[in-house]
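Each chain is listed here by its residues.
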Amino acid sequence: MTEAQTKTEITFDDFKAEVLNDYTLAKISRECSLLGRKEVLTGKAKFGIFGDGKEVPQLALAKAFQNGDFRSGYYRDQTFMMAIGQLSIQQFFAGLYGHTDLAYDPMSAGRQMGGHFATHSLDEKGNWNNLTKQKNSSADISPTAGQMPRLLGLAQASKIYRNVRGLEDFTNFSIEGNEVAWGTIGNASTSEGLFFETINAAGVLQVPMVMSVWDDEYGISVHARYQTTKESISEILKGFQREAGTNGYEIMTVKGWDYPALVATYQKAAAIAREEHVPVLIHVLELTQPQGHSTSGSHERYKNADRLAWEAEYDCLAQMRSWLLDNNLATAEELDAIDEQAKKDVLEGKKAAWNAFVAPIKAEQNELVSLLNSVAASSANKVFIEKHATELASIKEPIRKEIITAARKVLRLVVAESGKADLAAWITMYTNKIQPKFSSHLFSQSDKNVLQTSAVAPTYDAAAEEVDARLVLRDNFDAIFSKYPEALIFGEDSGNIGDVNQGLEGMQEKYGELRVSDAGIREATILGQGIGMAMRGLRPIAEIQYLDYLLYAIQIMSDDLATLQYRTHGRQKAPLIIRTRGHRLEGVWHSGSPMGMIINAIRGIHVLVPRNMTKAAGFYNTLLETDEPALVIECLNGYRLKEKMPTNLGSFKTPIGVVETIKEGTDITIVSYGSTLRIVEQAAKELLEVGIDCEIIDAQTLLPFDVNHDCAKSIAKTNRLLVVDEDVPGGASAYLLQQIIDEQKGYNHLDSQPQTLASKAHRPAYGTDGDYFSKPSAEDIFEKVYAIIHEAKPEHYPSLY
Ligand SMILES: Cc1ncc(C[n+]2csc(CCOP(=O)(O)OP(=O)(O)O)c2C)c(N)n1
Ligand SMILES: [Mg+2]
């Protein structure tokens, strides 16, 4: 500061203008927090969580943040978002109210509670914007530390763009890898495993990541002494400090109310990360929470008088004000005027947001009230309908639930009258208009979504010989890596040895360590790495070594990846491919097939269950032409089985959402997938020997499942259904049954009770006997089918037992 003050008059004026601008911004942000809390307490908004007490460090962060950079942070960062020009006062309140129009709430179109920030990486058609020309914020999620895994990938993308050749055309995403990924997290959330896992991985990978910890000593009511050893995250991370000749971090501490020190710290951190690709941790100390954690409680319950007095004194805005006065950068009158103006501006912005929020809903209310009155006029239930109309009309600030509820209640009163048609049509029209505001964009709505793809069959030389199936995968990956410079794969043992089953044998030698990489044993951040890189235009394939260990990553898949399109109303995407291998092999943790758990946790991600490696390779080829995330589960026991080597490697495509009938039959439809299919095929052969002809359908993809309803068509022919898999009873087999019976209306064609056959409820035991007595066997399938046919034709098929 002394330095700046000794420069020329003009420079001093510029400097003064900049700091006053910062102060103004911080003050506006604070007023938003104060008024936001009131809006919740008076019932206009449901819940509020604000950035008060954390304003000043965010100004410093914003100064160091450049176009192309990415933030991955949490709910305290409103000041930062305002400082980079991505959040106006009106938008702040639109988010608080839950305005369902993206034009008003660009963060999530009302889908997320306020305080969850995002910028638009995609245009309305789902095409990439030029991310190097804008300041980017990956969309926040609520689970504490859930922002960490993705941060790793956002940072790593810069490293890839800087060092991998062939990406010169990817100018929408990077300029020579100069972009920094900025993380923010609360002090208490550093207790989460995801935080430590990410910190370690970024130290190993040496990526341009600057991690800020906003430390206010609390996590809601729980003090740092219960959160962090030595009560200091920078203390305990000291071993990560880089030294001469080692990798590691630069670790910095700074007081959160010390504006000039913060500005200097952030400039220094940015330079290190940007130029050297070395991660930096900034522990921002002595922050406060003037209004407590959120609108759900008051901090007077858990902070003592001393702490509250200290917080009042060290409130970063109060300190910034003193600093401005002490350094003659402003007079008290000037600052008072700024304070006054900020109050006014925020009040006005809030009013504008509220009016914009209620105006369309009021119009809908008026429309329905007049319709109800006209329906009442000709109804025998006139009095009751008018009561509904009057009640609805009397609501000053209606919500849509109140409108549609009134309409649906009145519909029952006119069910047998002529007025019904108009009202029913209105309800349908209204639902069609409003429902997408809450339900659109679970999947991509662009022209690159998975349903736009079509099958391309593998082709073969006449003399094609059968080879170990893993070679089909390997040679197909080779074709993928040479076709797509932006494709890369990483996971435990994926690099040097070419994965545990050699499906990537020799690929690292050919494509380099950055594109075919070994990763630490850290499934959640392997996943996050993939999410972050996919958000920056790369096509990562994150490999999870065994399906049984996907559980470590499923939280981040469920909370982050699966919700990304939905929670941004289609303005961010991460077309990540997750490769893993599973189903039956040996033992409790190497033969799991928890497909029900998976498909229920990750709606928003496609789930593909190829029965062999050619099908799997075809899925990778298909997915690379789409813009959606998917999980591909290869059959763990299939790598050494024989398959023919296709000639059109890299271009044959397995369709998504389409089942395949692998054996035609007349007596019963058996639907299955993955490794179980081979056992179903065996059982079907044995059943044929006793005259029972099974039709076998390979589901191929569980999400989406059978969009053409081919299963129901098959049942129309066979009139019987058995679903077989090796999940627990009531797992994915129950889902398939629901899809076929309920969704596809298969019950219309059934002559026998539809049934499922799954594993035992316990984990599969070790060894061949363990497998036999845990998972469905050919004998189990034979007997299940036989019993169904016995019930129908007991005279031909006497009971076995
Ligand atoms: C996984 C998970 N557990 C619990 C919560 C509930 N929760 C929300 S914020 C919070 C405290 C976070 O404290 P800190 O990280 O210090 O951030 P601060 O709010 O103090 O800025 C908790 C427990 C959550 N959102 N996610
Ligand atoms: Mg805290």
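Everything quoted here is computed from the prediction, not taken from an experiment.

## So, the coordination of the magnesium ion (ligand 2)
Okay, step 1: The coordination sphere of the magnesium ion (ligand 2) contains the protein donors Asn-187 (OD1), Asp-216 (OD) and Tyr-218 (O), at a distance range of 2.0 to 2.1 Å.
Okay, step 2: All donors of the magnesium ion (ligand 2) belong to a single chain; written as a sequence motif, their spacing is N-x28-D-x1-Y. Pair noted here: Asn-187 is in the loop between β3 (181-186) and α7 (193-205) and Asp-216 is in the loop between β4 (209-214) and β5 (218-219), with a separation of 29 residues, a long-range link.
Okay, step 3: Given the relative accessible area of 6%, Asn-187 is considered buried.

## A few points about the packing of aromatic side chains
Okay, step 1: Applying the stated criterion across every chain yields a total of 28 aromatic pairs.
Okay, step 2: Seen in terms of ring centroids, Phe-92 and Phe-93 are 5.0 Å apart; in terms of plane orientation they differ by 80°. Their pairing is edge-to-face. For the pair Phe-92 and Phe-93, a shared accessibility class is recorded, and that class is buried.
Okay, step 3: Considering the side-chain rings of Trp-128 and Phe-173, the 5.0 Å spacing of their centres and the 85° angle between planes classify their relative orientation as edge-to-face. Of this pair, Trp-128 sits in the loop between α5 (89-97) and β2 (136-137) while Phe-173 is found in the loop between α6 (148-163) and β3, placing the two residues 45 residues apart along the sequence.
Okay, step 4: Overall, Trp-128 belongs to the partly exposed group, its relative accessible area being 23%.
Okay, step 5: Taking the relative accessible area as the measure of exposure, Phe-173 reaches 8% and is therefore buried.
Okay, step 6: Pairwise contacts between aromatic rings join Phe-50, Phe-92, Phe-93, Tyr-97, Trp-354 and Phe-357 into one cluster.
Okay, step 7: Over the ring of Trp-354 we find Lys-44, and its NZ or CZ is 4.9 Å from the ring centre.

## Side note on the pairing of β4
Okay, step 1: Burial analysis of β4 places six of its six residues in the buried class, which makes it a mostly covered element.
Okay, step 2: The alternating pattern of β4 places Met-209, Met-211 and Val-213 on one face and Val-210, Ser-212 and Trp-214 on the opposite face, and all of these are buried.
Okay, step 3: Judged from the six bridges that link them, β3 and β4 form a sheet pairing that is parallel. From the neighbouring strand, Trp-182 faces β4, where its bridge partner is Val-210.
Okay, step 4: As a crossover connection, the stretch from β3 through α7 into β4 is right-handed.
Okay, step 5: Bridging between β4 and strand β8 (residues 280-285) involves five bridges; their strand directions are parallel. Paired with Val-210 across the strands is Val-280, a residue of β8.

## Let's talk about the confidence of the model for the chain
Okay, step 1: Averaged over every residue, the pLDDT of the chain is 97; residues scoring 70 or more account for 99%.
Okay, step 2: Ranking the helices and strands of the chain by mean pLDDT puts strand β1 (residues 70-72) first, with 99, and helix α1 (residues 2-5) last, with 46.
Okay, step 3: Contacts from residues 1-7, a stretch scored under 50 in pLDDT, to residues over four places away or in other chains number six contacts.

## Looking at helix α16 (residues 469-483)
Okay, step 1: Look at α16: 22 Å from first C-alpha to last across 15 residues, which is about the 21 Å you get at 1.5 Å a residue.
Okay, step 2: When we look at burial in α16, the residues that qualify are Ala-469, Arg-470, Leu-471, Val-472, Leu-473, Arg-474, Asn-476, Phe-477, Asp-478, Ala-479, Ile-480 and Phe-481.

## Observations regarding the environment of Tyr-566
Okay, step 1: In this structure, Tyr-566 sits in helix α20 (residues 564-567).
Okay, step 2: Residue Tyr-566 is classed as partly exposed on the basis of its relative accessible area of 27%.
Okay, step 3: Ignoring sequence-local partners within four residues, the contact set of Tyr-566 consists of Arg-111, Phe-438, Ser-439, Ser-440, His-441 and Leu-442.
Okay, step 4: Engagement of the side chain of Tyr-566 in a polar contact is seen with the backbone oxygen of Phe-438, the distance being 2.5 Å.

## Section: the pattern of salt bridges
Okay, step 1: Tallying each qualifying case throughout the model produces 48 salt bridges.
Okay, step 2: A salt bridge links Glu-543 to Arg-579, with the shortest nitrogen-to-oxygen separation between them at 2.8 Å. On the criterion of sequence distance, the pair formed by Glu-543 in strand β12 (residues 539-544) and Arg-579 in strand β13 (residues 577-582) is long-range, its members being 36 residues apart.
Okay, step 3: Through salt bridges with shared partners, a single ionic network connects Asp-499, Glu-543, Arg-579, Arg-581 and Glu-634.

## Considering the nonpolar core
Okay, step 1: In this structure, Phe-93, Trp-182, Tyr-266, Ile-282, Leu-324, Leu-368 and Leu-423 are the most contacted members of the largest nonpolar core, which totals 91 residues.
Okay, step 2: No other element matches helix α12 (residues 332-377), which puts 15 residues into this core.
Okay, step 3: If we skip the residues at most four places from it in the chain, Phe-93 touches Cys-32, Leu-35, Gly-36, Glu-39, Val-346, Lys-350 and Ala-353.
Okay, step 4: Ranked by size, the runner-up nonpolar core spans 87 residues in total, among them Ala-139, Leu-564, Met-595 and Leu-721.

## Points about the site of ligand 1
Okay, step 1: What surrounds ligand 1 is a group of 18 residues, the closest being Tyr-74, Tyr-75, Arg-76, Ser-189 and Tyr-218.
Okay, step 2: Within the side chain of Tyr-75, a nitrogen or oxygen atom sits 2.7 Å from an oxygen atom of ligand 1.
Okay, step 3: Thr-144 is positioned such that a nitrogen or oxygen atom in its backbone is 3.1 Å from a nitrogen atom of ligand 1.
Okay, step 4: Within the shell around ligand 1, the residues separate by chemical class into six nonpolar, eight polar and four charged.

## Here's the deal with the sheet that holds β8
Backbone-to-backbone hydrogen bonds pair the strands of a sheet. The strands run either parallel or antiparallel.
Okay, step 1: Taken in spatial order, the six strands of this open sheet run β2-β1-β3-β4-β8-β7, and their pairing is parallel. This sheet does not close on itself; its edge strands, each paired only once, are β2 and β7 (250-255).
Okay, step 2: Strand contacts of α7: β3, β4 and β8, with the helix running at about 150° to β4, the strand carrying the most contacts.

## Quick look at the pairing of strand β10 (residues 487-491)
Okay, step 1: Within β10, five of the five residues are buried, leaving the element largely enclosed by the surrounding structure.
Okay, step 2: Burial along β10 is two-sided: Ala-487, Ile-489 and Gly-491 facing one way and Leu-488 and Phe-490 facing the other are all buried.
Okay, step 3: In the sheet, β10 pairs with β12 via five bridges, with the strands oriented parallel. Bridge pairing links Gly-491 to Glu-543 in β12.
Okay, step 4: As paired strands, β10 and strand β11 (residues 516-518) are joined by three bridges and run parallel to one another. Paired with Ile-489 across the two strands is Val-516, which belongs to β11.

Scoring rules and cut-offs
- Residue positions are counted from 1 within each chain, in the order its sequence is given.
- Labels are handed out in written order, letters beginning with A for the chains and numbers beginning with 1 for the ligands.
- In view of the model being predicted, local features appear only for residues whose pLDDT reaches at least 70, and side-chain atom pairs are presented and counted only at 80 or more, with totals across whole chains, interfaces and linings using the full set of residues.
- For the side-chain quantities, the full set of heavy atoms in the structure was used; hydrogens and water were omitted.
- Each metal site is built from N, O and S donor atoms within 2.8 Å (3.2 Å for Na, K and Ca), and since water is not included, such sites may look incomplete.
- Strands are runs of DSSP state E lasting at least two residues, helices are runs of H or I lasting at least four, and both sets are numbered from the N terminus onward.
- With a 1.4 Å probe rolled over the protein chains alone, any residue whose accessible area is under 20% of its type maximum counts as buried; one over 50% counts as exposed, and the rest are partly exposed.
- The aromatic pairing rule takes the rings of Phe, Tyr and Trp, using the six-membered ring of Trp, and pairs them if the centres are within 6.5 Å, calling planes under 30 degrees apart stacked, those over 60 edge-to-face and the rest tilted.
- Put simply, a charge is over a ring when the Lys NZ or the Arg CZ is close to the ring centre, within 6 Å, and near the line of the ring normal, within 35 degrees.
- When DSSP locates at least two bridges between a pair of strands, those strands are taken to pair.
- A clockwise course of the path from the first strand over the helix to the second, judged with the strands pointing away from the viewer, identifies a crossover as right-handed.
- For every residue, the predictor reports its confidence as pLDDT, a number between 0 and 100.
- Should any heavy atoms of two residues lie within 4.5 Å, those residues are counted as being in contact.
- Expected helix span is taken as 1.5 Å per residue step, with the number of steps being one fewer than the number of residues.
- Each polar contact in these results corresponds to two N or O atoms within 3.5 Å; when the atoms are within protein, one needs to be able to donate a hydrogen and the other to accept it, and residues that are neighboring in sequence are counted only if both atoms are side-chain atoms.
- Salt-bridge detection follows one rule: a side-chain nitrogen of Lys or Arg within 4 Å of a carboxyl oxygen of Asp or Glu.
- Note on terminology: a nonpolar core comprises buried Ala, Val, Leu, Ile, Met, Phe, Trp, Tyr and Cys residues joined through side-chain atoms within 4.5 Å.
- Residue proximity to a molecule or strand is established when one non-hydrogen atom of the residue lies within 4 Å of it.
- For this scheme, ten residues count as nonpolar: Ala, Val, Leu, Ile, Met, Phe, Trp, Tyr, Cys and Pro. Four count as charged, namely Asp, Glu, Lys and Arg, and the remainder, Gly too, count as polar.
- To get an axis, a line is fitted to the C-alpha atoms, and for a helix only the part in contact is used. The angle between two axes follows their N-to-C directions and goes from 0 to 180 degrees.

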